[in-house]
2 protein chains.
Amino acid sequence: MTTRQQAVALDDKDPLASFRARFLLPDDVIYLDGNSLGPLTKAAKERLQRVIGEEWGQGLIQSWNAAGWHVMPQTLGAKIAKLIGAKSDEVVCADGTSVNLFKLLSAALQLRPGRRVIVSDDGNFPTDLYVAQGLTKMLGGDHEFRLVGADDIPAALDQTVAVLMMTEVDYRSGRLHDMVDLTKKAHAAGALVLWDLCHSAGALPVDLNGAGADLAVGCGYKYLNGGPGAPSFLFVAERHQNHIHPAIAGWHGHAEPFAFEPGYRPADGIDRMLCSTIPVLSIAAFDAAIDVMLEADIGQIRDKSIRLFDLFVNLVETRCAEHGFQLASPRAAAERGSQVSFAHADGYAIMQALIERGVIGDFRAPNLLRFGFAPLYLRYQDIWDAVDALNDIMATETWRQEKYAVRKAVT
Amino acid sequence: MTTRQQAVALDDKDPLASFRARFLLPDDVIYLDGNSLGPLTKAAKERLQRVIGEEWGQGLIQSWNAAGWHVMPQTLGAKIAKLIGAKSDEVVCADGTSVNLFKLLSAALQLRPGRRVIVSDDGNFPTDLYVAQGLTKMLGGDHEFRLVGADDIPAALDQTVAVLMMTEVDYRSGRLHDMVDLTKKAHAAGALVLWDLCHSAGALPVDLNGAGADLAVGCGYKYLNGGPGAPSFLFVAERHQNHIHPAIAGWHGHAEPFAFEPGYRPADGIDRMLCSTIPVLSIAAFDAAIDVMLEADIGQIRDKSIRLFDLFVNLVETRCAEHGFQLASPRAAAERGSQVSFAHADGYAIMQALIERGVIGDFRAPNLLRFGFAPLYLRYQDIWDAVDALNDIMATETWRQEKYAVRKAVT
């Protein structure tokens, strides 16, 4: 591609083009950070107006039943299930990702009695690693968290391993792990697999049951556009559900929460994985946003994601060839998620300069510029314009100004 | 009191009267269920508009820093601290009450090594009991959850007890436990105390540090008007904070969350009790609502709560004397919270009839009609009108109609 007009021509024939109008995007912004916080949909804004003014404001306590608040973890879970190859009664949405990881890892240790080891790869997202560390430390004895390089996972799977915990798409490089292959290898060793779908759900087709996965968790606020800190979802394969006695045993996981019995009796099935009262406002926004995504074809989303990625990489490598950007993501489509990372020694300063021009990506220490591609609202012309801005910044070198020299924490 | 005019006269000289205008209450409703879900404040509605449209919609990922989302658990915690006799760095707000109970109970077991017993009273709210059951079951060995009658608590506190867990105000009867006395007795036995403030915070003065309390948890969606399923808060006395290695070790409790280190290093102080990304929309509503409450004097709130309770009981016992309502709450102000419960064999049907007339309380099995008094928006005339409706229902006996005979789950 050599002209902006060519990008516009791709937009003209994009089968997903109409979805952009469903989002409330700021003017003059090219948003390449939907992998960190998805933008506001009109549907979520309208739904929130209703939940706030009518359901909470007018309906008050009665809205728990009348507006269906009580069943939102399940109704939203059933929607998410469609995106990740799960059955409708295998997914619930509630609590944060770290809390859900804790629930699932402790469940895995129960489901594989006698095995005491959790295995993960050292490229996994830190909170996954921290939760495993906290759990094994709490349980003590011979519980162990075994952290190895991604390529050493198969060798680490022995008869002591209760569960392999992997994030399908690496949050830094965008590397896509092979869910089918790793699940098979874990099962061959007698272990379960917990898949973290934070950077997969809504970005590419996921087939948990097709892969035979046991447990999964994912995040609502990235590609699913659920809103800032939207609750997380968790998946437990049907065959395991009734064998779990939840570590965090709360009243919403009880067989009869409103019987107010003194003794805990877990609900049948996935419901037992619930514990606390859900944050209704945050979960309602998520519920509305996912309806928009379910109107699209996930295959088309993946297809466009691949094209956006390829175009971005191609333009950076041709138009910015002399500026020292090193591709830090797998080049092959089959090996990556929906983001690209470029390494550059001045990555932090360059990202700040991009953001000042309205091209919003993010930076991950020590040197990665990270750009996420969310096909429902991103256009090919946005990719052209983003690389145009990058090229201009590098050419004029304003990013070298001293004000960017101070490295500080970024989100 | 014998006339409605007398009630109106009390409203005219009520020092808290102006606060009612800060709430968006439905017409034709007398809301006596603020102890279950507090109503919408204008402040929360306005704040949510801004968070949705501007901070999420326009600011996107940058709002984590620019709009202060990242520090909301702490800034909101510091506000709550003022209501419960805590220091500003002893409280954070995040996650649900059940999850926070799990964090605190597991912390208590760490803080009292060698002790393996959790004690609570059998009138405690079920989720408190369930969480303790789940935790002790998970830890196994000689860990024990010891459930006794409230009056048998002192006798149950022996050298094996790590922590006494009490809810200050009983959710059914409204009985107020003596925080100072029970804390002293637990400490004399070498145990810690965890106070559940779900039915206290915002309803009566609480002085955690005055009582020497160790740990506490509370709910945002009742008297604090934080919105449906608003996140919970937790308190850890400063002296204990740095001795806790969090059971749920998540990235937001790390010393440097955005350094993305593979190993968990707990943050200093209360911050280590955080784990997941917070549900921003739900926490923002809570934050706005508590600002309204902090404008009021908690002593005046308690004083009016006592008067509303006394008026309600007096009117029920005089005007509805022949209808068989039995007071199921302590009569003495010093022994109760901000709700009253009456036992009646037809309690469920009567409550349904009240709700149809716009008088909203709730029902707790097997036979309790429960009415909560939230002094910031309730008027003395509302109490008159509520009892008037109750009396009318009992006189006309429409509540005996068959349609109310079917008992079903209520919130």
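Reference entry: report on the structure contained in this document. (Residues numbered from 1 in each chain as written. Chains lettered and ligands numbered in written order. Predicted model: local features only at pLDDT ≥ 70, side-chain atom pairs only at ≥ 80, totals over all residues. Heavy atoms only, no water.)

Our next topic: helix α4 (residues 72–84) of chain A. Residues spaced three or four apart along an α-helix face the same direction, because each turn holds 3.6 residues. Counted at 1.5 Å a residue, the expected span for α4(A) with its 13 residues is 18 Å, and the 18 Å between its end C-alpha atoms agrees. Phi turns positive, to about 70°, at A:Gly85, one or two residues after α4(A). (Helix = DSSP H or I, 4+ residues; strand = E, 2+ residues; numbered from the N terminus. Expected span 1.5 Å × (residues − 1).)

Close approach of charged atoms allows side chains of opposite charge to pair. What the rule picks out here adds up to 50 salt bridges over all chains. Residue B:Asp382 pairs with B:Arg379 through a salt bridge whose shortest N-O separation is 3.0 Å. Look at the salt bridges and you will find they share partners, linking A:Arg47, A:Lys79, A:Asp287 and A:Asp291 into a network. (Salt bridge = Lys/Arg side-chain N within 4 Å of Asp/Glu carboxyl O.)

This part is about the sheet that holds strand β9 (residues 326–327) of chain A. Residue and element names in this part refer to chain A. Spatial strand order, β9-β10-β13-β12: four strands in an open sheet with antiparallel pairing. Two strands in the sheet have a free side with no partner beyond their single neighbour: β9 and β12 (362–364). In this sheet, strand β10 (residues 339–343) lies alongside β9 in antiparallel orientation, the contact comprising two bridges. Of the residues in β10, the one forming a bridge with glutamine 326 is alanine 343. Strand contacts of helix α12 (residues 298–319): β9, β10 and β13 (368–372), with the helix running at about 20° to β10, the strand carrying the most contacts. (Pairing = 2+ DSSP bridges. Contact = heavy atoms within 4.5 Å. Axes fitted to C-alpha atoms, helices over the stretch in contact; angles between N-to-C directions.)

This part is about the relation of the copies chain B and chain A. Overlaying chain B on chain A yields an RMSD of 0.0 Å, the required transformation being a rotation through 180° with an accompanying axial translation of 0.0 Å. Overall, the copies show the geometry of a two-fold rotation axis. The fraction of interface residues of chain B whose copies in chain A are also interface residues reaches 100%, indicating that both copies meet through the same surface. (Least-squares fit on C-alpha atoms with pLDDT ≥ 70 in both.)

In this section: the nonpolar core. Ranked by size, the top nonpolar core spans 307 residues in total, and within it A:Ile84, A:Phe312, B:Ile84 and B:Phe312 carry the most contacts. In this view, A:Phe312 contacts A:Leu32, A:Val340, A:Phe342, A:Phe371, A:Phe373, A:Ile383, A:Ala386 and A:Val387; residues no more than four positions away in its chain are not counted. (Core = buried A, V, L, I, M, F, W, Y, C linked by side-chain atoms within 4.5 Å. Buried < 20%, exposed > 50% of the residue type's maximum accessible area, 1.4 Å probe, protein only.)

All right, on to the interface of chain B and chain A then. Listed per partner, the contact involves 80 residues of chain B and 81 residues of chain A. Both sides of the chain B and chain A interface together cover about 6,700 Å² of buried area, and 71% of this is carbon and sulfur. Summed over the three residues of chain B that lose the most area to chain A, namely B:Trp56, B:Ile61 and B:Tyr130, the buried surface amounts to 12% of that side. One can count zero salt bridges joining chain B with chain A. The interface formed by chain B and chain A contains 25 residue pairs in polar contact (both at pLDDT 80 or more). Contributing elements (two or more residues each) for the side of chain B that touches chain A: α2 (42–59), α3 (63–66), α5 (97–111), α6 (126–139) and α11 (280–295) of chain B. Of the residues forming the side of chain B that touches chain A, the biggest block, eleven residues, is contributed by α6(B). (Buried area = accessible area lost by both parts, 1.4 Å probe. Polar contact = N/O pair within 3.5 Å; in protein donor to acceptor, adjacent residues only side chain to side chain.)

All right, on to unusual backbone geometry then. Residue and element names in this part refer to chain A. At the junction of alanine 365 and proline 366, the peptide bond is cis and its omega measures out at 0° in the coordinates. Located in the positive-phi region is aspartate 28, a residue other than glycine, with phi close to 60°. Structurally, aspartate 28 can be placed in the loop between α1 (4–12) and β1 (30–31). Under the relative-accessibility criterion, aspartate 28 is labelled exposed at 73%. Not every positive phi belongs to a glycine, and asparagine 225 is a case in point at roughly 60°. Structurally, asparagine 225 is set in the loop between β7 (215–218) and β8 (233–236). Judged by relative accessible area, asparagine 225 falls into the buried class, the value being 3%.

Before going further, it helps to spend a moment on the state of the cysteines. In this structure the tally under the stated criterion is zero disulfides over all chains. Here A:Cys93 stays unpaired: no disulfide links it, and the sulfur of A:Cys219, its closest cysteine neighbor, is 9.9 Å away. You can see B:Cys275 has no disulfide; the closest cysteine sulfur is in A:Cys275, sitting 11 Å from it. Take B:Cys275: its relative accessible area is 1%, and that puts it in the buried class. (Disulfide = S-S within 2.5 Å.)

Let us look at helix α5 (residues 97–111) of chain A. In this model, α5(A) (15 residues) spans 21 Å end to end at C-alpha, consistent with the 21 Å of a helix rising 1.5 Å per residue. Within α5(A), 14 of the 15 residues are buried, which leaves the element mostly enclosed by the surrounding structure.

Let's shift gears to the pairing of β7(A). Residues and elements named next belong to chain A. Across the two faces of β7 the burial is the same, with Leu215 and Val217 and Ala216 and Gly218 all buried. Bridge analysis of strand β6 (residues 192–196) against β7 gives three bridges, and the strand direction is parallel. Across the sheet, the residue bridging to leucine 194 is leucine 215, located in β7. Taken together, the four bridges between β7 and β8 define a ladder with antiparallel strand orientation. Residue valine 217 lies in a different strand from β8, and its bridge partner there is leucine 234.

Residues and elements named next belong to chain B. In the contact formed by helix α13 (residues 347–356) and helix α14 (residues 380–396), the axes pass within 10 Å of each other and the chain directions differ by 120°. Taken together, the axes of α13 and α14 are oblique relative to one another. Between α13 and α14 lies a crossing of right-handed hand. Judged by residue contacts, Ile350, Ala353 and Leu354 of α13 engage Ala386, Ala389, Leu390, Ile393 and Met394 from α14. For the contact of α13 with α14, the class distribution of residues is eight nonpolar, no polar and no charged. (Parallel < 35°, antiparallel > 145°, perpendicular 65-115°, else oblique. Left-handed = near helix turned anticlockwise from the far one by under 90°. Nonpolar A, V, L, I, M, F, W, Y, C, P; charged D, E, K, R; others polar.)

Moving on to the packing of α5(A) against helix α6 (residues 126–139) of chain A. All names here are of chain A. Close contact between α5 and α6 brings their axes to 9 Å; oriented N to C, the two are set at 50°. Classified by the angle their axes make, α5 and α6 are oblique. As for how α5 packs across α6, the hand of that crossing is right-handed. Residues Ser98, Leu101, Phe102, Leu105, Ser106 and Leu109 of α5 form the contact with α6, whose own contacting residues are Thr127, Asp128, Val131, Ala132, Leu135, Met138 and Leu139.

A few words now on the environment of B:Lys45. Tracing the backbone through its elements, the reader meets B:Lys45 in helix α2. Note: C-alpha distance between B:Lys45 and B:Asn100 (55 residues apart in sequence) is 27 Å. When neighbours within four sequence positions are excluded, B:Lys45 is seen to be in contact with A:Ile52, B:Leu24 and B:Leu40.

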